[in-house]
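Topology and contacts: notes
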Amino acid sequence: MSKEIQQPIAKIIPHELEKHGHVRIDNYYWLNDRENPEVIDYLNKENEYYNQSTAHTKEFQKQLFEEMKGRIKEDDESVPYFYNGYYYITRFEKGKDYPIYSRKKDSLEAKEEIMFNCNEIAVGHTYFNLNGISVSEDNKWVSFGIDTVSRRQYTIQIKNLETNEILPLKIENTTGGATWASDNKTIFYSRKDEVTLRPDRIFKHKLGSNPENDVVVYFEKDDTFNVSIYKSKSKKYLIITSESTLTSEYQILLSATPDEKFKIFQKRTRELEYSISHYEDSFYIVTNKDDATNFKLMKTDEDKTSKEHWVDLIPHREEVLLEGIDIFKDYLVVSERFDGLNKIRIMPWNGVGEYYLPFELETYTAYTTTNIDFDTEILRYGYQSMAIPSSLIDFNMRTQEKIILKEQEVLGGKFDKNNYAEERIWATATDGTKIPISMVYKKGIKLNGENPFLLYAYGSYGMTMEPYFSTTRLSLLDRGFIYAIAHIRGGEDMGRQWYEDGKLLKKKNTFTDFIDCSKHVIAEKYSSEKHLYAEGGSAGGLLMGAIINMNPELYNGVIAQVPFVDVVTTMLDETIPLTTGEYDEWGNPNKKKYYDYMLSYSPYDNVKAQDYPNIYISTGLHDSQVQYWEPAKWIAKLRVCRTNSNQLYLDTNMEAGHGGASGRFEALKEVAKEFSFLLDLEKIER
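Residues numbered from 1 in each chain as written. Predicted model: local features only at pLDDT ≥ 70, side-chain atom pairs only at ≥ 80, totals over all residues. Heavy atoms only, no water.

**Some details on the overall build of the protein**
From N to C terminus, the protein includes 12 helices and 38 strands. Taking 2.2 N^0.38 as the reference for a compact globule, 686 residues should give roughly 26 Å; the C-alpha atoms of the protein span a radius of gyration of 25 Å, in line with that estimate. Expressed as lengths along the three principal axes of its C-alpha atoms, the size of the protein is roughly 70 × 55 × 50 Å. Across the 686 residues in the protein, those meeting the buried criterion constitute 58%. When contacts within the protein are restricted to residue pairs at least 6 apart in sequence, those whose partners lie at least 24 apart make up 56%. With the model as given, the accessible surface of the protein reaches about 28300 Å², and the carbon-plus-sulfur share is 48%. Each charge class in the protein was averaged separately, 85 positive and 107 negative side chains, and the resulting centres sit 1 Å apart. (Helix = DSSP H or I, 4+ residues; strand = E, 2+ residues; numbered from the N terminus. Rg over C-alpha atoms; globule rule 2.2 N^0.38 Å. Buried < 20%, exposed > 50% of the residue type's maximum accessible area, 1.4 Å probe, protein only. Contact = heavy atoms within 4.5 Å. Areas by Shrake-Rupley, 256 points an atom, 1.4 Å probe, with all protein chains shown as cover. Lys, Arg positive; Asp, Glu negative; His and termini not counted. Charge placed at Lys NZ, Arg CZ, Asp CG, Glu CD.)

Written out as structure tokens, the structure is:
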């Protein structure tokens, strides 16, 4: 079908890029100009080509969209959580795209107070996101951030919850969040650098004053660090966080005295990571101090915060990753990861009778959720697996009784979790490492190599890809697909070392792990080269670009969402958001050894004359994380280098950024495009 339609060919304007005496010729560097009408024209032509080539799937896309939408409870609402005298609720109304944030005083029977109806505020905007809702301690004021462009640059505003009046105040170019001091009239917020979008300054604003006069309380001059501010759960401290990929630093100030100076908790030391929680007269510190690769828990007096005073509370363990803690008045709750699986450990402060929550499956994920209330014996946690919808559970840590507050409803009348099987298998990587793969499929499939199989992975920044439930995924499973997550190195799925072994000069482990997982599912007859598909987004899009350069023959099709594929050029451009903060992840190409290594895998630089699988690439014109020109240049080069005529599409949302469309149903249309691409290749249309 697509052969009859003229594919767009980008014009070639050679551009020399020199570093370390090495010259690269970038024929499509000119696409790096959002203001150039020719660039917009090229992106529009790619969109037109995609739309014409897939015109025969448009009805099927609508069918998939309606099917996926039909599983979602449209008039859904969150489980209320109680904080500072109010129950807070997020709910959706039937047919509406955006949430309504409300609260009820003292009781769920009380009158609903609507804080924000985002459906009303979003009118007239093609993109809309409200975030960072923060209520003052006297419950009178709420601050919030709004982004209508999708570049994650939020405007902070403040609303009087007693009169429902939104103050005329507008604070531009922020992260959206703000933190109230205990005086109920001072907020602290972080602002972004106009060019790089790095949050680099903490400001203080007094109600009633002109924001132009807001005071900078902290400026982070190191461009590899981001800054933010929050309040301790105990409400006693305001805490400024400065973080880079490998190093952290905190500053503290009593919330009751917002005009005093912040004090350094423990000054930054290269590769010392720590996070802090306050309880009574002490701070609890999750840290990698003393070579604690998998982190440990330490404790110190609140007036002696530097590291020489820290004392071990839970020592480092080689086989257990300490992921975080939740502090309650009578309990310490520890989130751990062992053998790739979540564990939740309950430790009473009195030292009597600690235990773990019991979980049976091998493809589940469990996590503590909204636990804002300090003086409670109830732990709220979430649980789901690849076949079991997510549940929210209130667990009494004293009696060990649990109440399932809510299980995600799957509407449409066809879903039964007993119809699906899930399993965890292990592939052997090139260097002998065992890589776990979590998968789900409809019961009754035969291992004959004929099953369509979608393998997903991310594999960067130490981000763990949990085996989670998805209602949209059912549209693939019910049509015979196996869906799997490869827990490759570069994530933290198997502990901190898993991350260390998939970054910097070991980054290629991420790619070869994915390829070895692909070969394993083919060898075990779950699928075959004709029916295997790969999917990844952002840094996972880098993974997609790398694997199709290395082993294109393994895949029939690949989905790359907002892919980071022009690694070397981007990492050499310090004006691009995120670049300098990424040196600890990818390496600094201003140093030759990193330049050479990056160049050896950068997807754009390694496109060559060979057959490539069918590829669907999506991006957003306003993306601040991965600039639109990376996928645009990539597809332009693929078109002229490849030696076959498989489907090759670039689909640019001309009004969105890194997260895609903003409405909950608009986002489903993007999923429907991806699924129709896969199902059309499999000739499955029903």
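Here the narrative resumes.
**Notes on the side chain of Glu336**
Structurally, Glu336 is set in strand S24 (residues 331–338). Reaching out from Glu336, the side chain makes a polar contact with the side chain of Tyr356 at a distance of 2.8 Å. With residues near it in sequence (within four places) discarded, Glu336 still touches Arg317, Val320, Leu321, Glu323, Leu341, Asn342, Lys343, Arg345 and Tyr356. (Polar contact = N/O pair within 3.5 Å; in protein donor to acceptor, adjacent residues only side chain to side chain.)

**Some thoughts on the pairing of strand S33 (residues 453–456)**
Of the two faces of S33, the one carrying Phe453 and Leu455 and the one carrying Leu454 and Tyr456 are both buried. Bridge count between S33 and strand S34 (residues 482–486): four bridges; the pairing is parallel. Within S34, the residue paired with Leu455 across the bridge is Ala484. Relative to strand S35 (residues 532–537), S33 is paired through four bridges, and the arrangement is parallel. Counterpart to Leu455 in the pairing with S35 is Ala534. (Pairing = 2+ DSSP bridges.)

**Remarks on the sheet that holds strand S27 (residues 364–368)**
Taken together, the four strands give an open sheet; going across it, the order is S27-S28-S29-S30, and neighbouring strands pair in antiparallel fashion. Looking at the sheet topology across the chains shown, the edges are occupied by S27 and strand S30 (402–407). When the angles between neighbouring strand axes are averaged without regard to direction, this sheet yields 25°. The pairing of strand S29 (residues 391–396) with S30 spans five bridges and is classified as antiparallel. Looking at the pairing, Phe395 lines up with Lys402 of S30. (Axes fitted to C-alpha atoms, helices over the stretch in contact; angles between N-to-C directions.)

**Points about a negative patch on the surface**
Judged by side-chain charge, Glu280, Asp281, Asp301 and Asp303 come together as a negatively charged surface patch. Summarising the element assignment, Glu280 is placed in the loop between strand S19 (274–279) and strand S20 (282–287). Glu280 gets classed as exposed once you look at its relative accessible area, which sits at 55%. (Patch = residues over 30% accessible without salt bridge, like charges linked within 9 Å, V, L, I, M, F, W, Y side chains within 5 Å. Salt bridge = Lys/Arg side-chain N within 4 Å of Asp/Glu carboxyl O.)

**Quick notes on the sheet that holds strand S22 (residues 311–314)**
Sheet architecture is open: four strands sit in the order S19-S20-S21-S22, paired in antiparallel fashion. At either margin of the open sheet sits one strand with a lone partner, and together these are S19 and S22. Recorded for the sheet is a direction-independent mean angle of 35° between the axes of neighbouring strands. Where S19 meets S20, six bridges bridge the pair, whose relative direction is antiparallel. Directly across from Ser277, in S20, lies its bridge partner Tyr284.

**Describing the packing of aromatic side chains**
Evaluated as defined, the whole model comprises 37 aromatic pairs. What links up through ring pairs into an aromatic cluster is the set Tyr237, Tyr250, Phe265, Tyr274, Phe283 and Trp310. Above the ring of Phe225, the side-chain terminus of Arg268 is found at 4.1 Å from the ring centroid. In this arrangement the basic side chain of Lys637 is found over the ring face of Tyr604, its NZ or CZ atom lying 4.8 Å from the centre. (Phe/Tyr/Trp six-rings, centres within 6.5 Å; stacked < 30°, edge-to-face > 60°. Lys NZ or Arg CZ within 6 Å of the ring centre and 35° of its normal.)

**Some remarks on helix H2 (residues 58–70)**
An ideal rise of 1.5 Å per residue puts 18 Å on 13 residues; H2 measures up with 18 Å between its terminal C-alpha atoms. Regarding H2, the residues found buried are Phe60, Gln61, Leu64, Phe65, Met68 and Lys69. Each element contacted by the buried residues of H2 is listed here: helix H1 (37–53), helix H4 (474–477) and helix H12 (666–681). (Expected span 1.5 Å × (residues − 1).)

**A closer look at the packing of H2 against H12**
Between H2 and H12, the least distance of the axes is 9 Å, while the angle of their chain directions is 125°. Considering the angle they form, H2 stands oblique to H12. Between H2 and H12 the crossing geometry is right-handed. Contact with H2, carried on its side by Phe60, Gln61, Leu64, Phe65, Met68 and Lys69, involves Leu668, Lys669, Val671, Ala672, Lys673, Phe675, Ser676 and Leu679 of H12 and no other residues of that element. Considering only residue class, the contact of H2 with H12 consists of nine nonpolar, two polar and three charged. (Parallel < 35°, antiparallel > 145°, perpendicular 65-115°, else oblique. Left-handed = near helix turned anticlockwise from the far one by under 90°. Nonpolar A, V, L, I, M, F, W, Y, C, P; charged D, E, K, R; others polar.)

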